[in-house]
Amino acid sequence: MDFFEAQESARTRSRTLVALFVAAVLAIIATVYAVAHIAFGRGLAGGIDLGLLAIVAVGTTLLVTAGSAFRTLQLRDGGAKVAEMLGGRRVRPDTTDEGERRLVNVVEEMSIAAGTPVPAIFVLDHEQGINAFAAGYTPDDAAIAVTAGTLAHLTRDELQGVIAHEFSHVLNGDMRLNIRLIGLLFGILLLAVVGRGLLYGAGRGGSRRRDGGGGQIVLIGIALIVVGYIGVFFGRLIQAAVSRQREYLADAAAVQFTRNPDGIAGALKKIGAAGSRLTNPHAQEASHLFFATGLRKSAVGLLSTHPPLPERIRRIDPAFDGRFPELAGVEPSPALAARHRDAAAQYGAAALAGAAPLSPSDRRPDTPRPGASGSAMLASIGAPQPEHVAYASRLLASLPEPVRHAAHDPDGAIALLFALLLHRDAAASTVQRDAVERFGGSALSGRVEELARLTIPLGGAARLPLLDILLPALRDGNVPPSHVDRVYATAEAMVEADGRTDMFELAVLHVLRRHLLRDGRRGHPAADAEGVLALDSSAREVSAVLSTIAWSGATTEPAAAGAFAAGAESLPELAGRLTMRPRGAVTIEEIDRALERLRMTDPGDRRRIISACVRTVAHDDVVAAEEGEALRAVAEALDAPMPPTLVGIARP
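J.: Please explain the overall build of the protein as it appears in this structure.
T.: Along its length, the protein carries 26 helices and six strands. Within the protein, buried positions represent 56% of all 652 residues. Of all intrachain contacts in the protein linking residues separated by at least 6 positions in sequence, the fraction that spans at least 24 positions is 78%.

See the structure below:
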């Protein structure tokens, strides 16, 4: 199953989830009606009391719907809200804690390999079990969280296996389904909360007890608590139906990403010894999110949200004998900690991966080389391979210390962002330097110059990964909103300095608008509207994107026209309606709006749009690295993360 099929499968499972939810609500209504019928002295005999049934049906439906809507609205900002609800503490990108630095490094490594923005990272400080989760609607608003027990007990390889598993959920559309499920379950469980409230009120209402009404209220309160636990049963049933098989698939994906089955298998074995239970009161409604079950052992069984632990391990390690390791002494030894510190001092935090610095050929991946086909590039979307993880590890290890430090510090991230936009043309760079000095003075301008000098040897293919790495330092409240507006205005001035805009520059501005600006276009707004825009009504938007892609790799109008035609041919439903725009005619605002609207098409249509972009750049038989990065920028904007382009791409 490729990325787009996985996205479509997630949409199908969302419909199944809604059907199960409706069935659960109907069962709850029937139970509440039966209890109410008895509570008001009508017994079970006789016909159906339509008036009572209507009251129960409307009241229960409103209560469940209101509860679900409340929790869904509460979590609308995505994964960070889920992590905070479960007691998570956000990890700063510039953290000096050794375990947290290792976690940040592993998450950054997987983000680069997958082609996604680096998610917000959280630690659940009060949870000693070994567990983790990914939450969010799209890769844009994703969060990765691990427990304190995970940091204390897992080796780096084991941590990488767990994070790779969670990235599979990020890439396959599982997160959106899971976060919606939290909202629906809260509505079902709310009945028990109301029941406890009625009991409390009846216990304090003496006058009502004297006239006999208090007894009925007590009975209804008890009934609602019982019905609430019926809701728990249905909730667990829904969670199990949605998530169990996905855990097997995520385990397999983790092995595929890392080519290291011992990593994730080792983590699962340590869970068998230490446990994975979470103590947070919200753990039950979010248990389907976790890497391993987060509930008491008594809750594990037929309705468990996760497959049996030994079975998961044996699918990865068939030789597993069922015995779990002793965890005494598994925390990092002083000698190991010293090695980590030495590695960090030599290579920066990324060297904890044990990777060698980039070789000269790796440093300049811009040179087109024949190799992968365009179809292989499409197939790589949402499916990073071990070579992508290895590339990410080498890239991180090769970052000069000033670059690594700048990417994790708010002020440094601003300077690094400007450095990535600094033009090599003398006239344009003068205009850009003036814009930077207006923003932060000569000291900032000097730092931007130095960072540009250090990043140029990394090659053009490193620019998008660096952009993704520096984003966490700019968002999440690290930079005041008014300051963010100035950052964007300066970046826009730098982009416009030479009178033309390349695809990377467009990507930078698009990413900044989606992640940082206060204009209502952050995070996942298009996620809720996925599938509402038909491809055959998107000719203008597709024309803008294909025109920009065509000009990104062409120096003459005939070459651009040939590239545009190659892409347009793959979209017959838009035949005769796609028009190539002249160089520079597509404005920043227009391409930004076009990409936002095209995000609202369904997964199959987005696959076809990206395929047309691939054909556009591959019409001359080879995709240079800069063209590959343009493709990656478009794919990321369409919530279809594409791993780094490691070689030139031949015609599909």
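J.: Can you walk me through the sheet that holds strand β4 (residues 143-147) in this structure?
T.: The strands that make up a sheet are held in pairs by hydrogen bonds between backbone atoms, and each pair lies either parallel or antiparallel. If you trace the four strands from one edge of the open sheet to the other, you get β1-β2-β4-β3, paired in mixed fashion. Strands at the two margins of the open sheet, each flanked by one partner only, are β1 (89-90) and β3 (132-135). Relative to strand β2 (residues 120-124), β1 runs antiparallel, the two sharing two bridges. Bridge pairing links arginine 89 to valine 123 in β2.

J.: Looking at this structure, I do not really get the nonpolar core. What am I missing?
T.: In summary, soluble globular proteins display a tendency toward joint burial of nonpolar side chains. Counting residues in hydrophobic clusters, the biggest one holds 140 residues, and the most contacted among them are Leu103, Ile163, Leu417, Phe418, Val545 and Leu578. Per-element tally for this core: the top contributor is helix α17 (residues 410-421), with nine residues. Excluding its chain neighbours within four sequence positions, the residues that come into contact with leucine 103 are Ile121, Phe122, Val123, Val146, Leu151, Leu159 and Ile163. By size, the runner-up hydrophobic cluster in this structure holds 22 residues, among which are Ala80, Leu86, Ile179 and Leu289.

J.: Can you walk me through the pairing of β2 in this structure?
T.: Both faces of the sheet carry side chains from a regular strand, because those side chains alternate between them. The buried fraction of β2 is high, at five of five residues. Side-chain alternation along β2 places Ala120, Phe122 and Leu124 on one buried face and Ile121 and Val123 on a second face that is also buried.

J.: Before we go on, may I ask you to explain the pattern of salt bridges in this structure?
T.: It is possible for side chains of opposite charge to pair when their charged atoms get near one another. Applying the stated criterion across every chain, the model contains 24 salt bridges. Taking the shortest distance from any N to any O, the salt bridge between glutamate 100 and arginine 89 comes out at 2.6 Å. Here glutamate 100, found in helix α4 (residues 98-114), pairs with arginine 89, found in strand β1; they are 11 residues apart in sequence, far enough to count as distant. On the basis of relative accessibility, which here comes to 10%, the residue glutamate 100 falls in the buried class. For arginine 89, a relative accessible area of 33% corresponds to the partly exposed category. The partner of aspartate 639 in a salt bridge is arginine 514, with the nearest N and O atoms 3.0 Å apart. Of the two residues, aspartate 639 is situated in the loop between α26 (625-637) and β6 (649-650) and arginine 514 in helix α21 (residues 503-515); the sequence distance between them amounts to 125 residues. The exposure class assigned to arginine 514 is buried, which follows from its relative accessible area of 3%. By sharing partners, the salt bridges in this structure join Asp140, Arg514, Glu596, Arg599 and Asp639 into a single network.

J.: Is there a simple way to explain the environment of phenylalanine 291 in this structure?
T.: Along the chain, phenylalanine 291 turns up in the loop between α10 (261-274) and α11 (309-316). Spatially, the C-alpha atoms of phenylalanine 291 and glutamate 166 are 7.3 Å apart, while their sequence positions differ by 125 residues.

J.: I keep staring at the packing of aromatic side chains and nothing clicks. Help me out?
T.: Centre distance and the angle of the planes are the two values used to describe a pair of aromatic rings. On inspection of all chains with the given rule, the structure shows four aromatic pairs. Aromatic side chains phenylalanine 70 and phenylalanine 186 sit 6.1 Å apart centroid to centroid with 40° between the ring planes, which places their arrangement in the tilted category. Of the two residues, phenylalanine 70 is situated in helix α2 (residues 50-74) and phenylalanine 186 in helix α7 (residues 174-204); the sequence distance between them amounts to 116 residues. For phenylalanine 70, a relative accessible area of 48% corresponds to the partly exposed category. Ring geometry for phenylalanine 133 and phenylalanine 290: centres 5.9 Å apart, planes at 55°, overall tilted. Of the two residues, phenylalanine 133 is situated in strand β3 and phenylalanine 290 in the loop between α10 and α11; the sequence distance between them amounts to 157 residues. Here the two residues phenylalanine 133 and phenylalanine 290 agree in accessibility, since each one is buried. Cation over ring: arginine 312 sits above phenylalanine 291, and NZ or CZ is 5.1 Å from the ring centre.

J.: In this structure, what is going on with the confidence of the model for the protein? I would like to understand it.
T.: Interpretation of the predicted coordinates at a detailed level should be avoided for regions scoring low in pLDDT. For the protein, per-residue confidence averages 80 on the pLDDT scale, and 80% of positions sit at 70 or higher. This model gives residues 329-372 a pLDDT under 50, and the stretch forms 74 contacts once residues within four places in sequence are excluded. Confidence drops under a pLDDT of 50 for residues 519-527, and excluding neighbours within four residues, the segment shows 30 contacts in the predicted structure.

J.: So what exactly am I meant to see when it comes to the pairing of β3 here?
T.: By the alternation rule, side chains of β3 split into Ala132 and Ala134 and Phe133 and Ala135, which are all buried. Examined bridge by bridge, β3 and β4 share four bridges and lie antiparallel to one another. Considered in β4, the bridge of phenylalanine 133 is made with alanine 145.

J.: What is the right way to look at α10 in this model?
T.: An α-helix turns once per 3.6 residues; consequently, residues spaced three or four apart project the same way. An ideal rise of 1.5 Å per residue puts 20 Å on 14 residues; α10 measures up with 20 Å between its terminal C-alpha atoms. Along α10, the positions that sit buried rather than exposed are Gly263, Ile264, Ala265, Gly266, Ala267, Leu268, Lys270 and Ile271. After α10 finishes, the residue glycine 275 shows a positive phi value of roughly 90°.

J.: Is there a simple way to think about the packing of helix α18 (residues 426-455) against helix α20 (residues 481-495) in this case?
T.: To describe two helices that pack against each other, one gives the angle between their axes and the distance between the axes. Between α18 and α20, the shortest axis-to-axis distance is 9 Å and the interhelical angle comes to 170°. Judged by the angle between their axes, α18 and α20 are roughly antiparallel. In this structure, α18 crosses over α20, and the sense of that crossing is right-handed. Counted together, Gln432, Ala435, Val436, Arg438 and Phe439 of α18 and His483, Arg486, Val487, Thr490, Ala493 and Met494 of α20 form the full contact between these two elements.

J.: Looking at this structure, how should I read a nonpolar patch on the surface?
T.: Taken together, Val18, Val22 and Leu26 make up a surface patch of nonpolar side chains, about 260 Å² in accessible area. For valine 18, the position within the fold is in helix α1 (residues 3-39). Taking relative accessible area as the criterion, valine 18 reaches 46% and is therefore assigned partly exposed.

J.: Is there a simple way to think about unusual backbone geometry in this case?
T.: Most peptide bonds are trans, and most residues other than glycine sit at a negative phi. In this structure, arginine 259 is a non-glycine residue whose phi angle is positive, near 55°. Looking at where arginine 259 falls in the secondary structure, it is placed in the loop between α9 (213-258) and α10. Accessibility expressed as a relative area gives 62% for arginine 259, which makes it exposed. Despite not being glycine, aspartate 639 shows a phi value in the positive range, around 55°.

J.: For this particular structure, what's the right way to read helix α6 (residues 156-171)?
T.: A rise of 1.5 Å per residue sets the reference length of α6, with its 16 residues, at 22 Å; its end C-alpha atoms lie 22 Å apart and thus fit the reference within 8%. Of all 16 residues making up α6, 15 are buried, and the element is well covered by its neighbours. Count one or two residues on from α6 and you reach glycine 173, which has phi positive near 80°.

J.: Hey, could you run me through the environment of threonine 490 in this one?
T.: Tracing the backbone through its elements, the reader meets threonine 490 in helix α20. Discounting residues that sit within four places of it in the chain, threonine 490 has contacts with Phe418, Ala435, Val436 and Phe439.

What counts as what
Residues numbered from 1 in each chain as written. Predicted model: local features only at pLDDT ≥ 70, side-chain atom pairs only at ≥ 80, totals over all residues. Heavy atoms only, no water. Helix = DSSP H or I, 4+ residues; strand = E, 2+ residues; numbered from the N terminus. Buried < 20%, exposed > 50% of the residue type's maximum accessible area, 1.4 Å probe, protein only. Contact = heavy atoms within 4.5 Å. Pairing = 2+ DSSP bridges. Core = buried A, V, L, I, M, F, W, Y, C linked by side-chain atoms within 4.5 Å. Salt bridge = Lys/Arg side-chain N within 4 Å of Asp/Glu carboxyl O. Phe/Tyr/Trp six-rings, centres within 6.5 Å; stacked < 30°, edge-to-face > 60°. Lys NZ or Arg CZ within 6 Å of the ring centre and 35° of its normal. pLDDT = per-residue confidence, 0-100. Expected span 1.5 Å × (residues − 1). Axes fitted to C-alpha atoms, helices over the stretch in contact; angles between N-to-C directions. Parallel < 35°, antiparallel > 145°, perpendicular 65-115°, else oblique. Left-handed = near helix turned anticlockwise from the far one by under 90°. Patch = residues over 30% accessible without salt bridge, like charges linked within 9 Å, V, L, I, M, F, W, Y side chains within 5 Å. Areas by Shrake-Rupley, 256 points an atom, 1.4 Å probe, with all protein chains shown as cover.

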